[in-house]
Amino acid sequence: MTDHSLLDDIQGLSLGVFLSGLGIHFLTLAGLITGQTAGLAVIISYISGYSFGVVFFAINLPFYFVAYNRLGVEFTVKSILSVSVLSVVTTLLPYGFVLESLNPALGAVIFGSLVGLGLLAMFRHNGSLGGLGVIALLVQDATGFKAGWVQLITDAVIFSVALFLFPASVVAYSLLGAVTLNLIITFNHRRDRYIAT
């Protein structure tokens, strides 16, 4: 088995955080929502007016206890750092990257693709963006039930509630992004195919 070096982890997690932040930026530019903890943060930020970064950081706090007890110190520390950096990235991106128009369907697919790839990079370096993703990984490790399917089921619940808060068209386009993201994780995140830790 080949272990990742500290430099490997830094570049892998940094890439994952940047891709995820960029994906979330496309999501909010298109005025869409998503599932998981990020989805809850996006919805709360739309409703409250607080920035996504602040809400996302706060909403993740309870999940660190679960991560520490079940997935260990390394995973928890990497997740805390990743969530913190993502909060900063998503706060700064709007100052340097603005689009005049973005087709919502394209925005949804770009979001799902970027965040899916970002999460894969993070999973392969024993990190995550915390939140419900931690629960999904725990379920996969304990039962073999794919993390992507766990997230897809959770998303279905969040999107059902979102139908009462947002226009149906917004929810439909948003669902396209969530499906894209979760299928990327489902088909590409297999521990038996990746032996480095």
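Being a predicted model, the structure only gives us computed values, none of them experimental.

About the criteria used
- Residues numbered from 1 in each chain as written.
- Predicted model: local features only at pLDDT ≥ 70, side-chain atom pairs only at ≥ 80, totals over all residues.
- Heavy atoms only, no water.
- Helix = DSSP H or I, 4+ residues; strand = E, 2+ residues; numbered from the N terminus.
- Rg over C-alpha atoms; globule rule 2.2 N^0.38 Å.
- Buried < 20%, exposed > 50% of the residue type's maximum accessible area, 1.4 Å probe, protein only.
- Contact = heavy atoms within 4.5 Å.
- Areas by Shrake-Rupley, 256 points an atom, 1.4 Å probe, with all protein chains shown as cover.
- Lys, Arg positive; Asp, Glu negative; His and termini not counted.
- Charge placed at Lys NZ, Arg CZ, Asp CG, Glu CD.
- Axes fitted to C-alpha atoms, helices over the stretch in contact; angles between N-to-C directions.
- Parallel < 35°, antiparallel > 145°, perpendicular 65-115°, else oblique.
- Left-handed = near helix turned anticlockwise from the far one by under 90°.
- Nonpolar A, V, L, I, M, F, W, Y, C, P; charged D, E, K, R; others polar.
- Phe/Tyr/Trp six-rings, centres within 6.5 Å; stacked < 30°, edge-to-face > 60°.

Undergrad: Hey, could you run me through the overall build of the chain in this one?
TA: Assigned secondary structure in the chain consists of seven helices and zero strands. Relative to its length of 197 residues, the chain is compact, with a C-alpha radius of gyration of 16 Å against a globular reference of 16 Å. A principal-axis box enclosing the C-alpha atoms of the chain has dimensions of 50 × 35 × 30 Å. For the chain, the proportion of its 197 residues judged to be buried stands at 48%. The contacts of the chain with a sequence gap of at least 6 include a subset with a gap of at least 24, amounting to 77%. Working note: accessible area of the chain is about 9600 Å², and carbon and sulfur atoms make up 71% of it. Each charge sign in the chain was given a centre, from 7 positive and 8 negative side chains, and these centres are 9 Å apart.

Undergrad: Got a minute to help me understand the packing of helix 4 (residues 104-123) against helix 7 (residues 168-188) in this structure?
TA: The geometry of a pair of packed helices is captured by two quantities: the angle between their axes and the separation between those axes. Where helix 4 meets helix 7, the axes come as close as 7 Å, and the angle between the chain directions of the two elements is 30°. Between helix 4 and helix 7, the angle falls in the class roughly parallel. Classified by chirality, the crossing of helix 7 by helix 4 is right-handed. Taken together, the residues that form the contact of helix 4 with helix 7 break down as 16 nonpolar, six polar and no charged.

Undergrad: Is there a simple way to think about the packing of aromatic side chains in this case?
TA: Two aromatic rings, taken as a pair, are described by how far apart their centres are and by the angle between their planes. Inspection of every chain in the model, using the stated rule, returns three aromatic pairs. Judged by centre distance (5.5 Å) and plane angle (75°), the ring pair of Phe26 and Phe97 falls under edge-to-face. Of this pair, Phe26 sits in helix 1 (residues 6-29) while Phe97 sits in the loop between helix 3 (52-96) and helix 4, and the two are 71 residues apart along the sequence. Residue Phe26 is classed as buried on the basis of its relative accessible area, which comes to 11%. Phe97 gets classed as partly exposed once you look at its relative accessible area, which sits at 23%. Considering the side-chain rings of Tyr46 and Phe166, the 6.3 Å spacing of their centres and the 70° angle between planes classify their relative orientation as edge-to-face. With Tyr46 in helix 2 (residues 36-48) and Phe166 in the loop between helix 6 (147-162) and helix 7, this residue pair connects regions lying 120 residues apart in the sequence. The exposure class assigned to Tyr46 is partly exposed, which follows from its relative accessible area of 31%.

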